[in-house]
Structure formats: structure tokens, C-alpha cells
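# A look at the structure
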Amino acid sequence: MKEKIYLSSPHMGGSEQTYVKEAFETNWIAPLGPNVGGFEKDLENYLGSGNHVAALSSGTAALHLALILLGVERGDEVICQSMTFSASANPIVYLGATPIFVDSELDTWNICPNHLEEAIKDRIAKGKKPKAIIAVHLYGMPYKVDAVKRISEKYEIPIVEDSAEALGSSYKGKKCGTFGDMSILSFNGNKIITTSGGGALVSKNLKHKEKAIFLATQARDAAPHYQHSEIGYNYRLSNISAGIGRGQMEVLDEHVGLRRNMNQFYHEIFQNRAGVKVFSEPNSDCFSNHWLSCILIDRELCGFSSEVIRLGMNENNIECRPLWKPMHLQPVFKNAPYYGEKVAQKLFEIGLCLPSGSNLKSEEKVKINDVLIHFIDN
Ligand SMILES: *Cc1c(COP(=O)(O)O)cnc(C)c1O
């Protein structure tokens, strides 16, 4: 078995090609077409009534438009969970605003409500109320939705829910992607479903959807000629990509089940091994899609670090990766304010993401098991 085992690779269900073929047969190769509307409907049905979805070219584009719709401008401040992928924070900078980073909490690894409130109070005291709070469901694990919402309401600061990694997760029985004043999804190649590249903006407000689509299609005024009163973007999802998305929606729940099985698989490997902890749902409020399964390694108890495992797995052609490096520790954000302690930093130092795809074969799981046990027991 020479083939590389990846952290998370695209997993087609089967009917994606039917939708793409239909697009070819009807010559809907242009960016817009029936698959785009169809994919948006599929997502709206999945997330539940009252949610309006605009299909876009990426999750990053969705975050950019969400901040624009919330009125973020040059000189503003926007709060963002520090431990995340850089795409959560970059759109703040696209708009000339400043990111204010906040630490994680230990149980969900997501934005810590206490430090969030501390950050808001301090920014207000310094003279600027933050324009938005970007909260992330990291690796599919829901953040403390109720606690973050209470703070958002108390200070009247809207939430942008970054649900790029959490389609299929839920909190108290409600789907992630429905909790923000605006929410975003990603369908990049490594996410739980993929359109080979794509994203979406979700809002309870139909006007947000309409405005997002307007801005994503170059902000053309209603006129026979090309007339513009606002700066537009080329951010709409193509009809071909949306066709892949429609096929993927048919297998989303199945893929969530398979990712959750991978998490169970790691629980079984590590259950009697002191010093290794599999990242798990902290209580029954949280239902994670377990987009990626992650472990924390206590070096003192184990006698080895997460990096030793990563290198050992890599030698055996099995991809593993450190956790997201917190944004306040990134060279590019070194001057941004940060509120918190060292929770995110500590998680980054001792954590590791393990192969978690919904398409891993049983021989591949045997190999992962054997290599992991070999390193841990020796
Ligand atoms: C993938 C991801 C994004 C960006 O989505 P793209 O579709 O790749 O632009 C944003 N936030 C998080 C947390 C992500 O994992």
C-alpha cells in the first residue's frame, strides 16, 4: 500500500456528475444557472426554514461580504477567535479594519466567552466599540452558542458565525450555520462536502442574501447598460461547481456519520493510553461533525511529543498536521491586540490532527492503527 493517506480528501457520492452533465447538456456553463439556485435550495432545506443562502466562490468571499453587509469600514475593529484558519481573519484586513484576537476555552477550543467580554469592555473603554464578533466552530465543534449570543446582545455587536468546518454539526439540536447574524460555509476541497471550491453566506434576512448576490455579481444597477453605484465583486459560485454541491448534499449526513466513526476509531485506539486525549464533545449540547479528529499529547505522561508522531506518520505516508496556529502568534498579525492567556497556544503546541476522511478504506484504517500503536508503545 504505497498510496498516501490524507488528512481529509474529497469524497464524491455518485450523482455529482449527473448534475454537472446536465449543466453541459443544457449549455449552462456560464456562472449562473439552475444548479446555483438548486444548491441554495438544498442548503436552505438542510439548515431549516427561515435561512436564506447565497452560494459564493469561497468561504473567504462569504466572510468578506458578511463584514461589508455589517458595515465594517476602514479604521473599525472586529473581534475574531485567535485559534482558527487565517481566512477567518483576513477579510477584516481587506476592509482596512483591525482584528482584535481572543483566546480559546479548553473544552470547545473555541472563543472563550470570558475573554470575549473582557476584550469588548476594554475596546469600548479605549474608545471604539467593535463592529462584529467572528466566532468559529473549530474542527466542527460548536462554540458556546448561548454564552456568545448573550454577550453579543448585551453589547449589541453582531456575530459572524464561521461555520466553514461545521456543516452537519449542531448545538442543542439546531444546525451550525444558523446561529450568526450572518453565517458562512465553505465547500473547499478538504471540507466535509466540496464543490471543488466554493462557499455560502447564510442569513435569516432575505435582504442580506439579495445584497450579497448583488455585490458578488459586480454590483450592477438595474439599467440596460453597465451602471454601478457601488464597488462590486466577482464572488458568485459557478453553475458547474453548484452541480457538484447538489450531488454532495445527497451524501452529507452519511459523510457526517463516517467522520464520526473515525472519531470513535481514535477513541478506541487511545482509550487505555495515558497522556493522549481525543478531542471530544464536552457535553450533550454539542454535536460535532468531527470534520477532523484531533488529539492532545501530554509529553510528560507519554514520553514523546505530537511532533514525533507527526514525523513518524509522515514517514509511513500518512498525513497528520499540527492544529491551527493561533492568529495572534502569526508574523502577519503580530501587532494586533490580543485578549486571553495561553490556552490556544498550549493547544497548538501539544495537538495533532489525524486522518479523518469519510472515504478511508478499512486497510487504511488498519495501517493508521498499526503505525500509531507502534510509535506509542515503543
Ligand atoms: C476553510 C475555512 C475558511 C475559508 O473557506 P474557503 O472556502 O477556503 O475560502 C474560513 N474559515 C475556516 C475556519 C475554514 O476552515
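Summary of the structure given here. (Residues numbered from 1 in each chain as written. Predicted model: local features only at pLDDT ≥ 70, side-chain atom pairs only at ≥ 80, totals over all residues. Heavy atoms only, no water.)

A few words now on the pattern of salt bridges. Across all of its chains, the model carries 20 salt bridges by this definition. Across the salt bridge formed by Glu44 and Lys209, the nearest N and O atoms sit 3.1 Å from each other. Within this pair, whereas Glu44 is found in helix 2 (residues 34-47), its partner Lys209 is found in helix 7 (residues 206-216), the two being separated by 165 residues in sequence. On the basis of relative accessibility, which here comes to 10%, the residue Glu44 falls in the buried class. Taking relative accessible area as the criterion, Lys209 reaches 15% and is therefore assigned buried. What you see here is one network of salt bridges that share partners, running through Glu40, Lys41, Glu44, Lys209 and Arg236. (Salt bridge = Lys/Arg side-chain N within 4 Å of Asp/Glu carboxyl O. Helix = DSSP H or I, 4+ residues; strand = E, 2+ residues; numbered from the N terminus. Buried < 20%, exposed > 50% of the residue type's maximum accessible area, 1.4 Å probe, protein only.)

Surrounding the ligand, one finds 15 residues, the nearest of these being Thr60, Asp162, Glu165, Ser186 and Lys191. At 2.6 Å, a side-chain N or O of Glu165 approaches an oxygen atom of the ligand. Asn188 is positioned such that a nitrogen or oxygen atom in its side chain is 2.8 Å from an oxygen atom of the ligand. Alone, the ligand offers 380 Å² of accessible surface; in the complex the protein occludes 95% of this. (Near = heavy atom within 4 Å. Polar contact = N/O pair within 3.5 Å; in protein donor to acceptor, adjacent residues only side chain to side chain. Areas by Shrake-Rupley, 256 points an atom, 1.4 Å probe, with all protein chains shown as cover.)

What the rule picks out here adds up to ten aromatic pairs. Between Tyr139 and Trp291, the aromatic rings sit 6.3 Å apart at their centres with planes inclined by 15 degrees, giving stacked as the arrangement. Highlighted residues: Tyr139 in the loop between strand 4 (133-136) and helix 6 (145-155) and Trp291 in the loop between strand 11 (286-287) and strand 12 (293-297), separated in sequence by 152 residues. Trp291 shares its class with Tyr139; the two are buried. Ring pairs connect the aromatic residues Phe85, Trp109, Tyr139, Phe279, Trp291 and Trp324, which therefore count as one cluster. A cation sits over an aromatic face here: Lys191 above Trp291, 5.9 Å from the ring centre. When the ring centre of Tyr226 is taken as origin, the NZ or CZ atom of Arg220, which lies over that ring, is 3.7 Å away. (Phe/Tyr/Trp six-rings, centres within 6.5 Å; stacked < 30°, edge-to-face > 60°. Lys NZ or Arg CZ within 6 Å of the ring centre and 35° of its normal.)

Before going further, it helps to spend a moment on the layout of surface pockets. Roughly 240 Å³ of internal volume is contained in the largest pocket. Contributing elements (two or more residues each) for the lining of the largest pocket: strand 10 (276-278), strand 12 and helix 12 (343-350). Here the lining of the largest pocket is composed, by residue class, of ten nonpolar, two polar and four charged. Residue contributions to the lining of the largest pocket reach at least three from each of two domains, namely domain 1 (16-251) and domain 2 (253-377). (1 Å grid on protein atoms, 1.4 Å probe; cavity = no way out; pocket = protein on both sides within 12 Å on 5 of 7 lines; lining within 4 Å. Points joined across faces, edges and corners; volume = space filled by probe spheres on them. Nonpolar A, V, L, I, M, F, W, Y, C, P; charged D, E, K, R; others polar. Domains from an automatic or database assignment.)

Here we come to the packing of helix 9 (residues 252-270) against helix 13 (residues 362-377). Running from amino to carboxyl end, helix 9 crosses helix 13 at an angle of 30 degrees, the nearest separation of the two axes being 11 Å. The angle between the axes of helix 9 and helix 13 places the two elements in the roughly parallel class. The handedness of the crossing between helix 9 and helix 13 comes out as right-handed. On the side of helix 9, the interface is formed by Met262, Phe265, Tyr266, Ile269 and Phe270, while helix 13 contributes Lys365, Ile368, Asn369, Leu372, Ile373 and Ile376. When its residues are assigned to classes, the contact of helix 9 with helix 13 shows nine nonpolar, one polar and one charged. (Axes fitted to C-alpha atoms, helices over the stretch in contact; angles between N-to-C directions. Parallel < 35°, antiparallel > 145°, perpendicular 65-115°, else oblique. Left-handed = near helix turned anticlockwise from the far one by under 90°. Contact = heavy atoms within 4.5 Å.)

Taking every second residue as pointing to the same face, both faces of strand 14 (residues 351-354) are buried, with Gly351 and Cys353 on one and Leu352 and Leu354 on the other. Sheet topology note: the strand 12/strand 14 ladder contains four bridges and is antiparallel. The residue bridging Ile295 from the neighbouring strand is Leu352, located in strand 14. (Pairing = 2+ DSSP bridges.)

Moving on, we come to the environment of Leu7. Counting through the fold element by element, Leu7 comes out in the segment before helix 1 (16-25). With sequence-adjacent residues up to four places away left out, Leu7 is seen in contact with Leu292, Glu319, Cys320, Arg321, Cys353, Leu354, Pro355, Ser356 and Gly357.

Below, the discussion takes up the sheet that holds strand 3 (residues 98-102). Within the open sheet, the eight strands sit side by side as 1-9-8-5-4-2-3-13. Their pairing is mixed. The sheet is open, and its two borders are formed by strand 1 (52-56) and strand 13 (338-339), each paired with just one other strand. For strand 3 and strand 13, the ladder comprises two bridges, and the chain directions are parallel. Looking across to strand 13, one finds that Phe101 is bridged to Tyr338. Contacts from helix 3 (residues 59-69) reach strand 1, strand 2 (77-81), strand 4, strand 5 (159-162), strand 8 (182-186) and strand 9 (199-203) within the one sheet, and its direction differs from that of strand 8 by about 170 degrees.

None of this, on its own, says anything about what the molecule does.
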